[in-house]
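So you can see what is in the structure, the chains are spelled out below.
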Amino acid sequence: MKTLIGLATEFREITDKKRTPFFSFYEELFPLIKETTKTILEIGIRRGGSLVIWNDFFGATAVYGLEANPKFIRRVDNLNRPNIHAVHLNQTDKKGMTEFAKSVGSFDLIIDDGSHMVGDQLISFEILWPFLRRGGYYCIEDMQSSFQEKYINQSPTTAEYFKNVSDYILTSVWKHDFTKDYDRLIYVPSLIALRKRV
């Protein structure tokens, strides 16, 4: 059976995921959701290595990668992996993102490793969250961007936005408020992961 770290090592020439501060979190989470994760979306694909890792680890039915740079789209196409689909789309394109998500239908896992601009992260989340299946996770990588001026193009930042999400989850039972469809928010270095309520 292929392990996540084994795949990250095997494909280290085309992905830097193994070197990220949150990879150990993926090693903990992904085996727990492996059997239920068949349709995956990642925003930002560069050389396509992470798409290959998700495909091989999960045995996914379909792995989609959104990318604004056509050069990276061609690189993924050249991998000749039938379950991996590279889509030329900018995450700031609200209409395009919505149409794409509708065409797929739903996702079990969404990972945002796109521009890291806080405005783009929140646009993507607001558009794609409704298409995440119950029990699925929405991960936003490189959350340090909320504290770096060059990535802050709106207020609230992504970190500030999810502070409100955290407050809701922490007080939902006490307030008897179960109106939101998320029930778990995980913070690890440089990443947050939000689970849709089962």
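Structural notes, computed from the coordinates.

## Description of the overall build of the protein chain
For the protein chain, the helix and strand inventory stands at seven helices and seven strands. Secondary structure elements of the protein chain, listed N to C terminal, follow the sequence α-α-β-α-β-α-β-α-β-α-β-α-β-β. Expected size for 198 residues packed as a compact globule is a radius of gyration near 16 Å; at 16 Å, the protein chain falls within 12% of this value. For the protein chain, the C-alpha atoms occupy an extent of roughly 50 × 35 × 35 Å along the three principal directions. Burial analysis of the protein chain (198 residues in total) assigns 51% to the buried set. Partitioning the contacts of the protein chain with sequence separation of at least 6, the portion at a separation of at least 24 is 62%. Here the protein chain has roughly 9,800 Å² of accessible surface; of this, 52% comes from carbon and sulfur atoms. Each charge class in the protein chain can be summarised by its mean position, and for the 26 positive and 25 negative side chains these summaries are 2 Å apart.

## Here's the deal with the pairing of strand β1 (residues 39–43)
Most of β1 is tucked away, with five of its five residues classed as buried. In this fold, the crossover linking β1 to strand β2 (residues 62–67) by way of helix α3 (residues 49–58) has right-handed handedness. Sheet analysis places β1 next to strand β4 (residues 107–112), joined by four bridges and oriented parallel. Note on β4: the bridge partner recorded for I40 is L109.

## A few points about helix α7 (residues 158–175)
In this model, α7 (18 residues) spans 25 Å end to end at C-alpha, consistent with the 26 Å of a helix rising 1.5 Å per residue. The largest bend in α7 amounts to roughly 30° and is located at I169. Among the residues of α7, T158, A159, F162, V165, S166, Y168, I169 and S172 are the ones counted as buried.

## Describing helix α6 (residues 118–128)
In terms of burial, α6 is largely enclosed, as nine of its eleven residues are buried. Along α6, the positions that sit buried rather than exposed are V118, G119, D120, Q121, L122, S124, F125, I127 and L128. Buried residues in α6 make contact with β1, α5 (94–104), β4, β5 (132–141), α7 and β7 (191–196).

## Here's the deal with the environment of K180
Within the secondary structure, K180 sits in the loop between α7 and β6 (182–188). Spatially, the C-alpha atom of K180 lies 18 Å from that of C139, the residues being 41 residues apart in sequence. The residues touching K180, leaving out its near neighbours within four places in the chain, are Y168 and R197.

## Concerning the nonpolar core
Ranked by internal contacts, the top residues of the largest apolar core, which has 32 residues, are L4, Y26, F30, W54, F58, L109 and C139. For this core, the secondary structure elements donating two or more residues are α1 (4–10), α2 (23–33), α3, α4 (70–77), β3 (84–88), β4, β5 and β7. Core analysis: the next-biggest nonpolar cluster, separate from the first, contains 30 residues, L66, L122, I140 and V165 among them.

## Concerning the pattern of salt bridges
All chains considered together, the criterion is met by nine salt bridges. Across the pair K17 and E42 runs a salt bridge whose closest N-O atoms are separated by 2.9 Å. With K17 in the loop between α1 and α2 and E42 in strand β1, this pair connects stretches of sequence that are 25 residues apart. Of the two residues, K17 and E42, neither departs from the other in class, the shared state being buried. A salt bridge links K163 to D167; its shortest N-O distance comes to 3.0 Å. Taken together, the residues span about one helical turn, with K163 and D167 both in helix α7 at a distance of four residues. Owing to a relative accessible area of 45%, K163 belongs among the partly exposed residues under this scheme.

## Details of the packing of aromatic side chains
For the coordinates displayed, the defined rule picks out 18 aromatic pairs. Between the aromatic rings of F25 and Y26, the centroid separation amounts to 6.2 Å while the plane-to-plane angle is 40°, which identifies the pairing as tilted. Each member of the pair F25 and Y26 is classed as buried. Taking 5.7 Å as the distance between ring centres and 90° as the angle between the ring planes, the aromatic pair formed by Y26 and W54 counts as edge-to-face. Here Y26 is found in helix α2, whereas its partner W54 is found in helix α3, with 28 residues between them in sequence. Here Y26 and W54 have matching classes, each one buried. A connected cluster of aromatic rings, assembled from ring pairs, spans F22, F25, Y26, F30, W54, F57 and F58. Between the NZ or CZ atom of K196 and the centre of the ring of W129, over which it lies, the distance is 5.0 Å.

Conventions and cut-offs
Residues numbered from 1 in each chain as written. Predicted model: local features only at pLDDT ≥ 70, side-chain atom pairs only at ≥ 80, totals over all residues. Heavy atoms only, no water. Helix = DSSP H or I, 4+ residues; strand = E, 2+ residues; numbered from the N terminus. Rg over C-alpha atoms; globule rule 2.2 N^0.38 Å. Buried < 20%, exposed > 50% of the residue type's maximum accessible area, 1.4 Å probe, protein only. Contact = heavy atoms within 4.5 Å. Areas by Shrake-Rupley, 256 points an atom, 1.4 Å probe, with all protein chains shown as cover. Lys, Arg positive; Asp, Glu negative; His and termini not counted. Charge placed at Lys NZ, Arg CZ, Asp CG, Glu CD. Right-handed = clockwise from strand over helix to strand, strands pointing away. Pairing = 2+ DSSP bridges. Expected span 1.5 Å × (residues − 1). Bend = angle between axes of the 7 residues up to and from the residue. Core = buried A, V, L, I, M, F, W, Y, C linked by side-chain atoms within 4.5 Å. Salt bridge = Lys/Arg side-chain N within 4 Å of Asp/Glu carboxyl O. Phe/Tyr/Trp six-rings, centres within 6.5 Å; stacked < 30°, edge-to-face > 60°. Lys NZ or Arg CZ within 6 Å of the ring centre and 35° of its normal.

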